Amino acid sequence: DTGVSQDPRHKITKRGQNVTFRCDPISEHNRLYWYRQTLGQGPEFLTYFQNEAQLEKSRLLSDRFSAERPKGSFSTLEIQRTEQGDSAMYLCASYQTGSFGSEQFFGPGTRLTVL
Amino acid sequence: EDQVTQSPEALRLQEGESSSLNCSYTVSGLRGLFWYRQDPGKGPEFLFTLYSAGEEKEKERLKATLTKKESFLHITAPKPEDSATYLCAVQAVTQGGSEKLVFGKGTKLTVNP
């Protein structure tokens, strides 16, 4: 257990529905990242937050995706009008800038299946 | 463009048969190279960070090394519980000036008893 939790662990939805995932990072970590991982691939960067500010979004993140991190604590990732191509593992990672070592700690992921 | 290539894609070993996994990278300004272990259906688990060429780190049966162009993960006398996908990542600078991890596709290791 890395201390990063994600909910739900699995989500099955029908195409066109909206879904929302939650990530609770390690409490003292100021940075929170979202990654997406498809089968046989490594995780790909989607977006990240420094405290409550969303500082960067990948071009992989279409307009149907939105992320928030209110008060710099937990974060949510919402996908609107889901498509079959959105099926993937969505991973959250947290990181403390300025700390010794710069590793990102990952949560267990949310597996999304779009039917 | 920052890129990480891992080889082989899959590796089958007998218990006790030592081997190495390769990670070659191209990145503008390496800030760190990371090795993670990932079990099926789970998130990546951090193993090592390497920062400069010549650096080595060890943990139990695993040893990671770094050169200017590649990193190796050496597995000595592996056991079946070492079976997992091993991911290599480099810390790269985003367009916004911060850090993100760029991952390879991983090497799936299977250790047979």
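The structure we're discussing is the one just above.
Numbering of residues starts from 1 in every chain and runs along the sequence as written. Labels follow written order: the first chain is A, the first ligand is 1, and so on. With the structure being a predicted model, the display of local features is reserved for residues of pLDDT at least 70 and the display and counting of side-chain atom pairs for 80 or more, all residues being used for whole-chain, interface and lining totals. For the side-chain quantities, the full set of heavy atoms in the structure was used; hydrogens and water were omitted.

Turning to the overall build of chain B, a few remarks are in order. Here a strand is any run of E in DSSP of at least two residues, a helix any run of H or I of at least four, and the numbering for each starts at the N terminus. In terms of regular secondary structure, chain B is built from zero helices and 11 strands. Note that the radius of gyration is over C-alpha atoms, with the globule rule given as 2.2 Å times the number of residues to the power 0.38. Radius of gyration (C-alpha) of chain B: 14 Å, near the 13 Å computed for a compact globule of 113 residues. Accessibility here uses a 1.4 Å probe with only protein chains present; expressed as a share of the type maximum, an area under 20% marks a residue as buried, one over 50% as exposed, and anything in between as partly exposed. Buried positions account for 46% of the 113 residues belonging to chain B. For the area figures, the Shrake-Rupley method with a 1.4 Å probe applies, and any residue is considered shielded solely by the protein chains shown. Working note: accessible area of chain B is about 5,500 Å², and carbon and sulfur atoms make up 46% of it. When the 14 positive and 15 negative side-chain charges of chain B are each reduced to one mean point, those points stand 2 Å apart. Charge assignment in this entry is limited to Lys and Arg as positive and Asp and Glu as negative, and neither His nor the chain termini are counted. Charge positions come from single atoms, namely NZ of Lys, CZ of Arg, CG of Asp or CD of Glu.

What follows deals with the sheet that holds strand β1 (residues 3–7) of chain B. Residue and element names in this part refer to chain B. In this description, strands pair whenever DSSP reports at least two bridges between them. Pairing within the open sheet is antiparallel, and its five strands lie in the order β1-β3-β8-β7-β6. Only two strands of the sheet have a single neighbouring strand rather than two, namely β1 and β6 (56–59). This sheet shows a mean twist of 15° between the axes of neighbouring strands, independent of strand direction. Bridge analysis of strand β3 (residues 19–26) against strand β8 (residues 70–75) gives six bridges, and the strand direction is antiparallel. Considered in β8, the bridge of C23 is made with S71. Orientation is described by axes fitted as lines to C-alpha atoms, over the contacting stretch for helices, and by angles from 0 to 180 degrees between their N-to-C directions.

All names here are of chain A. In plain terms, two cysteine sulfur atoms within 2.5 Å form what is called a disulfide here. Enumeration over the complete set of coordinates arrives at two disulfides over all chains. Between C23 and C92 runs a disulfide, and the two sulfur atoms are separated by 1.8 Å. Classification of the bridge connecting C23 and C92 rests on its S-S torsion, roughly -60°, and on that basis the disulfide is left-handed. Residue C23 is found in strand β3 (residues 19–24), and its partner C92 is found in strand β9 (residues 88–95); the two are separated by 69 residues along the sequence. Each member of the pair, C23 as well as C92, is classed as buried.

Right, let's get into the environment of Y36 of chain B. Within the fold, Y36 of chain B resides in strand β4 (residues 33–38). A relative accessible area of 0% places Y36 of chain B in the buried class. For the pair Y36 of chain B and L47 of chain B, spaced 11 residues apart in sequence, the C-alpha to C-alpha distance is 5.1 Å. Those residues in contact with Y36 of chain B that lie beyond four places of it in its chain are E103, Q104 and F106 of chain A together with P44, E45, F46, L47, T85, Y86, L87, L101 and F103 of chain B. Engagement of the side chain of Y36 of chain B in a polar contact is seen with the backbone oxygen of Q104 of chain A, the distance being 2.6 Å. The contact criterion used throughout is that any non-hydrogen atoms of two residues lie within 4.5 Å. Any N or O atom pair separated by 3.5 Å or less is treated as a polar contact, with the protein-specific requirement of one donor-capable and one acceptor-capable atom, and with residues adjacent in sequence counted only for side-chain atom pairs.

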